[in-house]
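A closer look at the structure
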Protein chains: 2
Amino acid sequence: MNFCTSCNAGHLKLHNLNSTTDTQSSRRKSVWLLQRSPCRRGKFDGPGIIIMSRIQLYDTTLRDGSQGEGVNFSLQDKLMIATKLDNLGFDYIEGGYPLSNPKDEEFFKRAADMDWKHAKVCAFGMTRRKEIDASDDIGMQALVNSKAPVVTIVGKTWDLHVNEVLRVSLEENLAMIRDSIAYVKSEGREVIYDAEHCFDGWHANPDYAMQTWKAAAEAGADMICMCDTNGGTLPEQIAAGVSALQKELGVAVGIHCHNDSELAVANSLAGVNAGAVQVQGTINGIGERCGNVDLISMAANLALKMHYDVLVDGGIKRLTELSRYVYEMANMNFRNGQPFVGNSAFAHKGGMHVHAVNRIAHSYEHITPESVGNARRVLVSELSGRSNIMAKTTKFRLEEDGVLQTKILTAVQDLENDGYQFEAAEASFDLLVMKQAGTYQQAFELDHYRVNVENQSREPVTDAVIKLTVDNEVQLVVGEGDGPVNALDSALRKALTSSYPGLSEMTLVDYKVRVINSTEGTAARVRVVIESKDKTDVWSTVGVSENIIEASWIALVDAFEYKIHKDRGAVGDV
Amino acid sequence: MNFCTSCNAGHLKLHNLNSTTDTQSSRRKSVWLLQRSPCRRGKFDGPGIIIMSRIQLYDTTLRDGSQGEGVNFSLQDKLMIATKLDNLGFDYIEGGYPLSNPKDEEFFKRAADMDWKHAKVCAFGMTRRKEIDASDDIGMQALVNSKAPVVTIVGKTWDLHVNEVLRVSLEENLAMIRDSIAYVKSEGREVIYDAEHCFDGWHANPDYAMQTWKAAAEAGADMICMCDTNGGTLPEQIAAGVSALQKELGVAVGIHCHNDSELAVANSLAGVNAGAVQVQGTINGIGERCGNVDLISMAANLALKMHYDVLVDGGIKRLTELSRYVYEMANMNFRNGQPFVGNSAFAHKGGMHVHAVNRIAHSYEHITPESVGNARRVLVSELSGRSNIMAKTTKFRLEEDGVLQTKILTAVQDLENDGYQFEAAEASFDLLVMKQAGTYQQAFELDHYRVNVENQSREPVTDAVIKLTVDNEVQLVVGEGDGPVNALDSALRKALTSSYPGLSEMTLVDYKVRVINSTEGTAARVRVVIESKDKTDVWSTVGVSENIIEASWIALVDAFEYKIHKDRGAVGDV
């Protein structure tokens, strides 16, 4: 385990570029990597062998990402996303702003009791208010009380903002930076200092900008992250800034970019090339205005193009899964054209190309779709790769059963063509596997349901009538509710609980709806994801239909069926 | 009118960087520009004065862009888009592939009779087929017969593709390039040679790649455009390739990038920095897989960040208009987060911020929204303060009316406590302002609605009954739909269109549902946001209720009310 002396990057790792198809190009790549690596973090070691160091990925989806217009995570969403990020090997996860709202406060309470495999959880806040002790500042106190092992403090670099926004003297701003960092360090935390408007400030008044960074370094900041807050900086300017800071202070430098000039990825890479060892960003690039840098593209470029060490082994192969999981949680549509993980990212048009694509696909693709867990699409149909399926069915021990694998793959592809997504609905996926394997037992047989919503003078009344057969008995029941799904839920419980008493301990946690092909407005297809829980588990189910009530019904029935199979011990059996 | 001796770029132009707010930073910018300009196309001429040359913008929206999934332009669309591009000052417009289909053939017939202010129309095709005379090749003939003044010929750079796809000898490929270009030149056309898989080919076999470019140059190509066909190349590699080609052959070089690594804009800028004088791309970056480089972002960066001469004077100010025009033509939804021209690109959130934004906006924005024809938006978020409200109500001219301001603020805060969010529902916010100001006129009076969803054997049927009074007439109508919202929408149109004919041109674009306090599962409150549009505008409305149908109804009614007030010219009136 060696360390890069010049930039304090994490452990070094051996990469063999001969794994690429062409050693001539791999040798050239190696040379580029060396030329690009300013602190000579790479060692060129015979044809195609190069040693590159770790780049830390700092995820702020839960804080900066949630600033995005219309993005809104529940506490449960946040905890589930953080767990996913930890599993993939993200180095830092910024959970939120403890002072800002009770939800974030609660997040840190829960996070403190969780067992993190890889990531360090970070609490975010501003420097202390003017003219008070850091220890008396409620913001500072909230950061410390969050128990987060890492505290990220944002401060002002740009004299204009010190004068016009903070309205304090340039000296007081330096003191605010110094005191805030020193206080949190004295509480034994790792401190990352986010230098706001870093590059604009440096251009406007380089001397003062350098003083703010110096104050942060001297106060003990473990890293200074340079933030292109307005997203207007060009790659060459990023590189110049990172080099200048490193040369002057020799601290570990991070880079935090926004996409206002459509350069966030290039700017972050330029920062890394200039010696930055940490990249801050969000999954799918969500965030305010034009968004933050997309850590999906960053991880893929750093690992597959520049051969840096990022995430855990196999983490890159799960980027597509991660991207879709976060979209589902954020209740946003996938971006078909999204680099690396988009549904169209490896879509090849038919015609003369197809034959060649099948024969020498690598010559039509900058990377293999599988390397990021995506799939090639040559024909029109949406293809969910066998590897994805296999990854999801390990608990079913299907490795040997090729026939069943194919049946499942076909079923999934048909459903995906109808708008289903199983990334965030594993319970529905498990039911699908059991149906294909023949181990699924239908819990009841529906005759019909009817939902009625009536609004007389702004007081809507909703009831649902369900007729079904369970245990050879016909049940005709009616349930009331605050809304149609609630009414269907209560009617279904009435009809089934006597046969399946376990249902009484099941509750619905979350309900998400999304229009799939939204250009058709209200006539478009609707995807509903329902999250349910009992004493021990949380599970998600999905339904798709042009009718939101029908889509909800499908997801609701899956939720009930999953609970029933789970109580029967059937889940995971084939 | 001078010419850049080293790169044959178009006429040079004077830029005064002091137009930016901060001369210190502008001077620094000038220096960067010089450092960046490899052929020293810039001359630093006193504080902030710099001379930069023209970069040609080559639009292939109508050809490469139409390869994008779901993109399909009619002949009329193509002619209208081409005219728009010409008006804004694009240098080249690629109309299509004459051989490929009658529509493209017809396009060139029409284009030949049109009077182009600025742009040259280009016909696109491949090198001749193997072992025949270029003049006998139907593809070549189609290009010449298209009468297009410029012909763009794509040919193979990568030996792998010559061997495996064309299946001809390396020599024959060189001959195909040579003959095809020479033939079209002999017909008196300007020829742009698109070198396919240019960078992959160069990495795999640099000597052969150079031979293909040499063949093109010797045959008389007016420009060699280097295409990163698979979109996998990094900026440094682009720069190295462009420099190598220019150094060896001294020809005019263009750059054609795809976005598979989310680097298309950075790669195209790197190409320009290395001496490329033409950028090929599409409007909004539409195109296959992850798309082509977005010429909107390119034009804005080249003009506003690097001070190159692009488009006509005033062209940059029309980029937002152009972007939305092309989305409309392509029948695609706008991308809110799109750099420069997106609806969120200059959206500011958060109460405390907003006061400062109003005072020193430039310090929160990398460019002024107006410079690209976009507008600043202040989002009314949870943190609604008076300054947010004021910023949002400028069009209502409320500055003086403190009492009304307070009424609005209170109303917004009450609604936000109930779960409303106006940041993504400005039309509902405008209606709220008009209600508080007393300028709102109710369009109809509801007696009641009733929605019924019935599912017999997996075929749900939905109808909605509405009874309301409009123009003192009672309307009792029933509408059917794919789902409850669709049914309510069609019933409401039945009841109102005779009184408000404008409604017939309104369509619903998107429908979003969010559960607010999701811990209560399906009994939680539901927020519905509906996005609607007509020929000229897009607007969003919001509704909140425990009942998803009621929440949808509230948002739907606001959408109708907003359209009606808009047509009446009442929006913005108090």
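About the thresholds
- Residues numbered from 1 in each chain as written.
- Chains lettered and ligands numbered in written order.
- Predicted model: local features only at pLDDT ≥ 70, side-chain atom pairs only at ≥ 80, totals over all residues.
- Heavy atoms only, no water.
- Buried < 20%, exposed > 50% of the residue type's maximum accessible area, 1.4 Å probe, protein only.
- Helix = DSSP H or I, 4+ residues; strand = E, 2+ residues; numbered from the N terminus.
- Axes fitted to C-alpha atoms, helices over the stretch in contact; angles between N-to-C directions.
- Parallel < 35°, antiparallel > 145°, perpendicular 65-115°, else oblique.
- Contact = heavy atoms within 4.5 Å.
- Nonpolar A, V, L, I, M, F, W, Y, C, P; charged D, E, K, R; others polar.
- Pairing = 2+ DSSP bridges.
- Salt bridge = Lys/Arg side-chain N within 4 Å of Asp/Glu carboxyl O.
- Core = buried A, V, L, I, M, F, W, Y, C linked by side-chain atoms within 4.5 Å.
- Buried area = accessible area lost by both parts, 1.4 Å probe.
- Polar contact = N/O pair within 3.5 Å; in protein donor to acceptor, adjacent residues only side chain to side chain.
- UniProt positions renumbered as here; feature names shortened; annotations may be inferred.
- Phe/Tyr/Trp six-rings, centres within 6.5 Å; stacked < 30°, edge-to-face > 60°.
- Lys NZ or Arg CZ within 6 Å of the ring centre and 35° of its normal.

**With respect to helix H12 (residues 319–329) of chain A**
Of all 11 residues in H12(A), 10 are buried; the element is thus mostly enclosed. A positive phi of about 60° marks A:Asn331, the residue just after H12(A).

**Observations regarding the packing of helix H2 (residues 75–88) of chain B against helix H12 (residues 319–329) of chain B**
Residues and elements named next belong to chain B. Packing of H2 against H12 brings their axes to within 11 Å, and their N-to-C directions diverge by 175°. Overall, the two elements H2 and H12 adopt an arrangement that is roughly antiparallel. Contacts between H2 and H12 involve Asp77, Met80, Ile81, Lys84, Leu85 and Leu88 from the first element and Glu321, Leu322, Tyr325, Val326 and Met329 from the second. The residue inventory of the contact of H2 with H12, partitioned by class, reads 8 nonpolar, no polar and 3 charged.

**Observations concerning the environment of B:Asp447**
Here B:Asp447 is to be found in strand S14 (residues 445–456). When residues no more than four places from it in sequence are discounted, the contact partners of B:Asp447 are A:Asn455, A:Gln456, A:Ser457, B:Lys467 and B:Leu468.

**Some points on the sheet that holds strand S18 (residues 526–533) of chain B**
On the basis of which strands lie adjacent, the open sheet formed by 6 strands has the order S17(A)-S16(A)-S15(A)-S17(B)-S18(B)-S19(B) and antiparallel pairing. Looking at the sheet topology across the chains shown, the edges are occupied by strand S17 (538–545) of chain A together with strand S19 (538–545) of chain B. Sheet twist, expressed as the average angle between the axes of neighbouring strands with direction ignored, equals 15°. Note that strand S17 (residues 507–515) of chain B and S18(B) share 8 bridges and pair antiparallel. Across the sheet, B:Arg514 pairs through a bridge with B:Arg527, a residue of S18(B).

**Some remarks on the pattern of salt bridges**
Following the criterion strictly, the structure yields 53 salt bridges over all chains and no others. A:Lys84 serves as the salt-bridge partner of A:Glu321, at 2.7 Å between the closest nitrogen and oxygen. Remark: A:Lys84 occurs in helix H2 (residues 75–88) and A:Glu321 occurs in helix H12; sequence separation between them is 237 residues. With a shortest N-O distance of 3.0 Å, B:Lys563 and B:Asp567 are connected by a salt bridge. Remark: B:Asp567 and B:Lys563 occur in helix H18 (residues 548–567); sequence separation between them is 4 residues, near one turn of the helix. Under the relative-accessibility criterion, B:Lys563 is labelled buried at 0%. Given the relative accessible area of 43%, B:Asp567 is considered partly exposed. Taken together, the salt bridges that share partners define one network made up of A:Glu505, A:Asp534, A:Lys535, A:Asp537, A:Lys563, A:Lys566 and A:Asp567.

**Focus on the nonpolar core**
Formed by 195 residues in total, the largest nonpolar core has its most connected members in A:Trp213, A:Leu302, B:Trp213 and B:Leu302. Residue contacts for B:Leu302: discarding those within four places in its chain leaves B:Ile55, B:Leu57, B:Leu269, B:Val272, B:His307, B:Tyr308 and B:Val310. Counting 116 residues, the second largest nonpolar core, distinct from the first, contains A:Leu503, B:Leu468, B:Phe560 and B:Tyr562.

**A look at the interface of chain A and chain B**
Contact with chain A, which involves 112 residues of that partner, is made by 109 residues of chain B. Surface buried jointly by chain A and chain B totals about 9400 Å² across both partners, of which 52% is contributed by carbon and sulfur atoms. Summed over the shared surface of chain A and chain B, the result is 2 salt bridges. The shortest N-O distance in the salt bridge between A:Glu454 and B:Arg450 comes to 3.9 Å. Across the chain A-chain B interface, the total number found is 28 residue pairs in polar contact (both at pLDDT 80 or more). Element by element, the count of residues in the side of chain A that touches chain B is highest for strand S12 (residues 445–456) of chain A, at 11 residues. A per-class count over the side of chain A that touches chain B returns 42 nonpolar, 40 polar and 30 charged.

**Notes on unusual backbone geometry**
Residue and element names in this part refer to chain A. A positive phi angle, close to 65°, is found at asparagine 284, a residue other than glycine. Residue placement: asparagine 284 occurs in the loop between strand S11 (278–281) and helix H11 (295–305). We classify asparagine 284 as buried; its relative accessible area is 5%.

**Let's talk about the side chain of A:His161**
Locating A:His161 in the fold gives a position in helix H5 (residues 159–166). Those residues in contact with A:His161 that lie beyond four places of it in its chain are A:Lys156, A:Leu166, A:Arg167, A:His197, B:Ser363 and B:Tyr364.

**Examining the UniProt feature "domain: Pyruvate carboxyltransferase" (unreviewed entry) in chain A**
In the UniProt entry, the feature "domain: Pyruvate carboxyltransferase" (unreviewed entry) is given for residues 55–320 of chain A. Its end C-alpha atoms 20 Å apart, residues 55–320 of chain A is made of 44% helix and 17% strand.

**Quick look at the packing of aromatic side chains**
What the rule picks out here adds up to 12 aromatic pairs over all chains. Residues A:Phe107 and A:Phe108 carry aromatic rings whose centres are separated by 5.4 Å and whose planes lie at 90° to one another, so their mutual orientation is edge-to-face. Neither residue differs from the other here; A:Phe107 and A:Phe108 are each classed as buried. Consider the rings of A:Phe422 and A:Phe429, whose centres lie 5.9 Å apart with planes at 65°: the pair is edge-to-face. Here the two residues A:Phe422 and A:Phe429 agree in accessibility, since each one is buried. Sitting over the ring of B:Phe107, B:Lys78 keeps its end group 5.8 Å from the ring centre.

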